[in-house]
Amino acid sequence: MRKLITAIALASLLLPAASIAMFAADAPAPTPAPSAAKDSGPVTLPKDIVWETDNDEPLIGSEKALRGGRHNAAISEYPLTFRLVGPNSNGTFAWWNRAFTMAFTLVSMHPVTDKFIPMMATHWSVQPDQKTIYFKLDPDARWSDGEKITADDYVFTWQMMQSKDIVDPFYNSYAERYYQSVDKIDDYTLRIVGTRPSWRPLVDYAGLWPTAKHKTVLDDTWVTRTNNEAQVAVGPYVVSGTERGVSVTFKRIPNWWGDKKRYFIGMYNFDEIHLRVIDIERELDYLRLGELDMMVEGTARRWNESYTFPAVTNGWLRRARVFVDVPDGVSGLQMNLTAPIFQNKEFRIALQHLFNFDRLNRNLMYNEYFRKTSFFQGTEYANPNVKNYEFSSEKAREHLEKAGYHRPSANQGSWAKLWNVAYGLLFTRSDSDEILVNDKGEKASFTLIYAAKGLERHLTVIQQDFRRAGIDMHLQLLEGGTMFQRARERKFEMVNLAMSGGLFPEPRQYLHSEFKTAQNSNAFWGYGTPEVDEMIKTYEENLDADARRQAMWKIDQIVHDEAFYIPFWSAPYVRLVYWDYMQFPEFYLPRRTQSLTDWMVYWIDPEKKAALEEAKRTNKALPLDENIDKDFYKVRERFQ
Amino acid sequence: MAWLKLDPITRRRFQKFRQIKRGYYSLVILLGAIGLSLLAPFLAESRALLVIYQGQVYFPTFQYLNMATFNQMPPPGWSTADIETEYLRLQHEWQAERFFYEREVAMAGEDKQKVAAAETKYPNRGNFVIMPPIPWDPYVSDFWYNEILNEIQALLTAGDREAAERIARRDRLDELADLIQSGEINAVLADRMRSPTGNLVGLAQGGTMPSLAGLGVVPPNPPETLRRHYLGTDSQGRDVASRLLYGFRISIFFALFLVFIGQVIGTIIGSLQGYMGGRFDILSQRLIEILVSIPFLYVVIILAALLTPSFWLLVGIMAIFQWISITFYMRTEMYREKTREYCLAAKSYGASHWRIIFRHLLPNCLTPLVTFTPFAIVGAIFALTGLDYLGYGLPAPTPSWGQLLDQALLPENRDKLWLTLAPFTAIAVTLVLVVFIGESVREAFDPKQYAKYE
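Let us look at the structure shown here. Here the structure is a predicted model, which means the values were calculated and not measured.

Rules used throughout
Residues numbered from 1 in each chain as written. Chains lettered and ligands numbered in written order. Predicted model: local features only at pLDDT ≥ 70, side-chain atom pairs only at ≥ 80, totals over all residues. Heavy atoms only, no water. Helix = DSSP H or I, 4+ residues; strand = E, 2+ residues; numbered from the N terminus. Lys, Arg positive; Asp, Glu negative; His and termini not counted. Charge placed at Lys NZ, Arg CZ, Asp CG, Glu CD. Expected span 1.5 Å × (residues − 1). Buried < 20%, exposed > 50% of the residue type's maximum accessible area, 1.4 Å probe, protein only. Contact = heavy atoms within 4.5 Å. Polar contact = N/O pair within 3.5 Å; in protein donor to acceptor, adjacent residues only side chain to side chain. Axes fitted to C-alpha atoms, helices over the stretch in contact; angles between N-to-C directions. Parallel < 35°, antiparallel > 145°, perpendicular 65-115°, else oblique. Left-handed = near helix turned anticlockwise from the far one by under 90°. Nonpolar A, V, L, I, M, F, W, Y, C, P; charged D, E, K, R; others polar. Buried area = accessible area lost by both parts, 1.4 Å probe. Salt bridge = Lys/Arg side-chain N within 4 Å of Asp/Glu carboxyl O. Pairing = 2+ DSSP bridges. Core = buried A, V, L, I, M, F, W, Y, C linked by side-chain atoms within 4.5 Å.

Tallying secondary structure elements over chain A gives 19 helices and 25 strands in all. Each principal axis of the C-alpha atoms in chain A carries an extent, and together these give about 95 × 90 × 75 Å. Between the mean site of the 78 positive side-chain charges and the mean site of the 84 negative ones, chain A shows a separation of 3 Å.

Turning our eyes to something else, we now look at helix 18 (residues 545-562) of chain A. Residue and element names in this part refer to chain A. The terminal C-alpha atoms of helix 18 lie 26 Å apart, and with 18 residues this matches the ideal 26 Å at 1.5 Å per residue to within 8%. Listed as buried for helix 18 are R548, A551, M552, I555, D556, I558, V559 and H560. Where helix 18 is buried, its residues meet helix 16 (508-511), helix 17 (530-541) and strand 20 (565-567). Here helix 18 starts with a cap whose side-chain oxygen sits 3.2 Å from the backbone nitrogen of D546, and that cap is D544.

It is worth spelling out the packing of helix 13 (residues 278-293) of chain B against helix 16 (residues 324-338) of chain B at this point. Residues and elements named next belong to chain B. Taken N-terminus to C-terminus, the directions of helix 13 and helix 16 make an angle of 155°; their axes are 10 Å apart at the nearest point. Taken together, the axes of helix 13 and helix 16 lie roughly antiparallel to each other. Remark: the crossing between helix 13 and helix 16 carries left-handed chirality. Taking contact as the criterion, the partners of D281, Q285, I288, L291 and V292 in helix 13 are, on helix 16, I324, T327, F328, R331 and Y335. A class-by-class count of the residues in the contact of helix 13 with helix 16 yields six nonpolar, two polar and two charged.

Another aspect to go through is the interface of chain B and chain A. Each partner contributes residues to the interface: chain B has 48 residues there, and chain A has 41 residues. Between chain B and chain A lies a buried interface of about 3800 Å² when both sides are counted; carbon and sulfur atoms form 50% of it. Along the contact surface separating chain B from chain A lie four salt bridges. The closest approach of N and O atoms between A:R362 and B:E147, which form a salt bridge, is 2.7 Å. For the pair chain B and chain A, the interface holds 18 residue pairs in polar contact (both at pLDDT 80 or more).

Turning our attention to the sheet that holds strand 10 (residues 272-277) of chain A. Residue and element names in this part refer to chain A. Taken together, the four strands give an open sheet; going across it, the order is 1-10-9-8, and neighbouring strands pair in mixed fashion. Two strands lie at the open edges of the sheet, namely strand 1 (70-75) and strand 8 (237-243), each paired on one side alone. Taking each pair of neighbouring strands and ignoring which way they run, the sheet shows an average axis angle of 20°. As paired strands, strand 8 and strand 9 (residues 247-252) are joined by six bridges and run antiparallel to one another. Counted as the bridge partner of V239 is F250 from strand 9. Against the sheet, helix 2 (residues 92-99) makes contact with strand 1, strand 9 and strand 10, and its axis sits at roughly 140° relative to strand 1, the strand it touches most.

Residues and elements named next belong to chain A. Most of strand 22 (residues 573-579) sits inside the fold, with seven of its seven residues counted as buried. Residues Y573, R575, V577 and W579 of strand 22 are buried on one face, and the alternating residues V574, L576 and Y578, pointing to the opposite face, are buried as well. Pairing analysis gives three bridges linking strand 11 (residues 294-296) to strand 22, with the strands arranged antiparallel. What sits directly across from M295, in strand 22, is V577. Bridge count between strand 12 (residues 317-323) and strand 22: seven bridges; the pairing is antiparallel. Residue pairing across strands places L317 opposite W579, the latter belonging to strand 22.

This part is about the sheet that holds strand 4 (residues 121-126) of chain A. Residues and elements named next belong to chain A. A sheet is described by the order of its strands in space; here four strands give the open sequence 4-5-7-6, paired in antiparallel fashion. Every other strand in the sheet has two partners, leaving strand 4 and strand 6 (179-186) as the edge strands with one partner each. The average angle at which neighbouring strand axes cross in this sheet is 20°, direction not considered. As paired strands, strand 6 and strand 7 (residues 189-194) are joined by six bridges and run antiparallel to one another. If you follow V182 over to strand 7, its bridge partner there is I192. Taken strand by strand, helix 3 (residues 151-162) contacts strand 5 (132-137), strand 6 and strand 7, and its axis lies near 160° from that of strand 6. Along the sheet face, helix 4 (residues 169-178) touches strand 6 and strand 7 and points at about 80° away from the line of strand 6.

Further remarks concern the side chain of A:E272. Residue and element names in this part refer to chain A. The residue E272 is located in strand 10 in this model. Look at E272 and you get buried, because its relative accessible area is 18%. When neighbours within four sequence positions are excluded, E272 is seen to be in contact with G69, R70, H71, T249, F250 and K251.

Attention shifts here to the nonpolar core. Residue and element names in this part refer to chain A. If you look at the biggest cluster of nonpolar residues, it comprises 102 residues, and the most contacted ones within it are L106, F135 and F250. If you tally residues by element for this core, the top one is helix 3, at seven residues. The contact partners of L106, leaving out residues within four places of it in the chain, are P118, M119, M120, A121, F135, L137, Y154, L190, I192, A206 and L208. If you look at the next biggest cluster of nonpolar residues, it comprises 85 residues, including L337, L351, L354 and F355.

Let's shift gears to unusual backbone geometry. All names here are of chain B. A cis amide bond, omega 0°, links P219 with the succeeding residue P220. Relative to the elements of secondary structure, P220 occurs in the loop between helix 11 (200-206) and helix 12 (240-276). Residue P397 follows A396 across a cis peptide bond; omega there is -5°. Position of P397 among the secondary structure elements: in the loop between helix 19 (366-390) and helix 20 (401-408).

Here we come to the side chain of A:D138. All names here are of chain A. Topologically, D138 is positioned in the loop between strand 5 and helix 3. A distance of 3.0 Å separates a polar atom in the side chain of D138 from the backbone nitrogen of D140. Reaching out from D138, the side chain makes a polar contact with the side chain of K261 at a distance of 2.8 Å. Beyond its immediate sequence surroundings of up to four residues, D138 is in contact with M120, A121, T122, Y188, W257 and K261.

Here you go:
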């Protein structure tokens, strides 16, 4: 009896737990298919639609490119998944994976002229409401398994982006922020409606790529099921073989539909691409052995010190610094205009005159870097007439005097001198060194917060230079998150931080007066004037490109004159190291290249390959390049 | 030591300590090093000890004298009123002027006019600079190795051979100066075998002129005597020997202050615990248990990451945890001494509690204090070095051994042995010395030798 009661008691205890467990383990309700646009009735083309296209832009690749060959490249880790979205889908392999799938958008931007060119769509039509776009799709486009690419595939992409089954909050929010609806009009006509009017609708809303609807089944097992499933690709390469943890091989599909298209001439030249998993530190070793065709060198130190071995001096392994023109963002020393010491404009200008970039560049950076001049570096909105303040201690002193600062020693009595001696004996000299004071007795002293430990040695040299002129800058290393939080809350005097930039800058978040006193905003400097507000408004709303540019140039000039931003440097080039048989067009890489997979315009020349083998065998030197700097687009002139 | 009224036991202990040679000499060396580090501004400073300029004597060690004082040519971009004199360069410039003056006078011979011309051309030949043994302070970045050839090259390209030779002689690049003087330098530079790039940097890197080896190279630079970087430079061109010395100063001061504060507080609290006992002892013991259970290094790292403490703030933060360990020992010692008869005697004639503790009891409880203090110092130096190594210690550019080690172990600096060996050896030697002292003290205070229980 007692055992029965115990059993019942225990069961009654477990019952609630079990029922809770059952409810929790219930399969979640299947995601309802996102509803199509709420328009009543089917979508049709407007009656007097005007189609646009552009087939007159210069070729992206070179017509001299040769087809064929196997390209050996490196990835730093074996892909955790072959999916394009969802967990773990972002890694070095993703660059390649996306280059043959997601990179094929409806409309693309020409990497040299910045004009819009047809890619998956042959024609487009932007409606006056600046958010609706109609597309005529290319009927030649085929998936790698032979199926046609139709409007259904684009609608499916949009649905997939919104779906919870892909477990990718970035795309969920991206779809929500940008796309209101994607509608099929017929098999080869598509309509996209964006969320709000934009002066650059093709940039914001035409970046949709197709997803193979006939091959993709979205359910809650999609993530795990498709983990190792190779993508059906739009582009010329599909995954043909993998060796887990070691390599992934892509093979070119025969008769790729894009071979006939103008803007793909001279691109995707290899028959096979073999990606090996190689750690970044070891890439050079593999390159030297000939197991890689080319690599991008990451550090100035290795570029200047490690390339002295025979293969390089004999001209077999070539180096090239290919200058590219990409938007650079804002990076450098940012002053907080609400801090008392930086409210004096003369003081800020003095600091600008004391920044000795040349000394830093020559001695710590192998003379490899270029000083930024503009708040919108690398975009068309960078004012070409704005030049950095020159390094001159005399000019700095003039401005410091105007700001009311002078050296203290003129007024020192002998007691003060005795104090200096005692202080210097007990502590290090750092605090007894002729720091400028103003008439109120305040020292020219402030704190710079930073999070990049790698920049510490540069910052201490800058600190030294400031100190020689009498300005005491304290350095404070913080955790990245802490530094950024304090920057956003404007709890700093000076901060060293960098923000990345895009082709279309967004100055509102940085310079508009609505953020001037806001906590938790990107307006680190605490700057805002009606004049600049007006210009930001022009930039955002005016449809005249020239007016926008003029407004931004004026903003650039004002930022320079207010002197609260000391720009650092950038490396506007790609450091290529490649064997002699890798060939490039005369411009090497298109202007807007950020990585080698952006526009694959290079090829392998079999004759040169044979000649290289011969030269290596007979130990013959090949002629060296005159100049390893390739600046086809005259990027260097834009820096100081 | 006659002025110090020591009782025979203590005197005995000192004697025993002195007999243990290892500990005694370690103490002498350590105290000598501390004394030397107090004199660091006279040993390692970029300011000269003595300057005699046009008959006037200057002692710039604790003074700021800008370049206008000695009429020195400032670096490009600077003007004389804004920047402090670079004394090492001043010394070399005046020595070079003397050299050229003597050469011209020797060449002029009897020609009075030429001699007068030489006198006006080299007005600084009679001036004099004495630099400290290590003519670098721990903050100045010396980019000379990288810049000197560019400087000379610029003058050669402009055609000013005399100025180029002057700079080469000033910096003791005698072989190069001779080549410039004789004019052979142009032929040497044109020779592709000797200079692949056709300029001086190429000549240095080509390897055919050993006196130029190590030039045209960015920091860190290996140790050598021409530029008086006896332990080389770090990755910013700062002198390692100077940073080692000042790092020692800072570590030792930090450790001494911290241990002093910690031991004083700990001794007082421990003594009170032992003397008063009862509720005070129980309560404070519970508090100490709580404090002990906190992993102190983690807390210090977290606080340091949030605040980036100055020297005194870091001492304060670490002092919160430092005082605990000695309380255990002082408490037990005090409990023992409390029961002795002399304590009873003192109480009986009406001595106050403080007087009993500090005048009578404490002097007999010093054994653990003296034994553990050296190890506490070692621990403090280690803690500071560790914090600096992680980046959470004193802010840049404070010289510290931990920071030197941190730099030395970066992948790009691993092949630069001087960066690693210097702080490592310094830390190892210091800690070994302190441990020797501690061991000897313990042995000296060992009661076994003179307490005989029959």
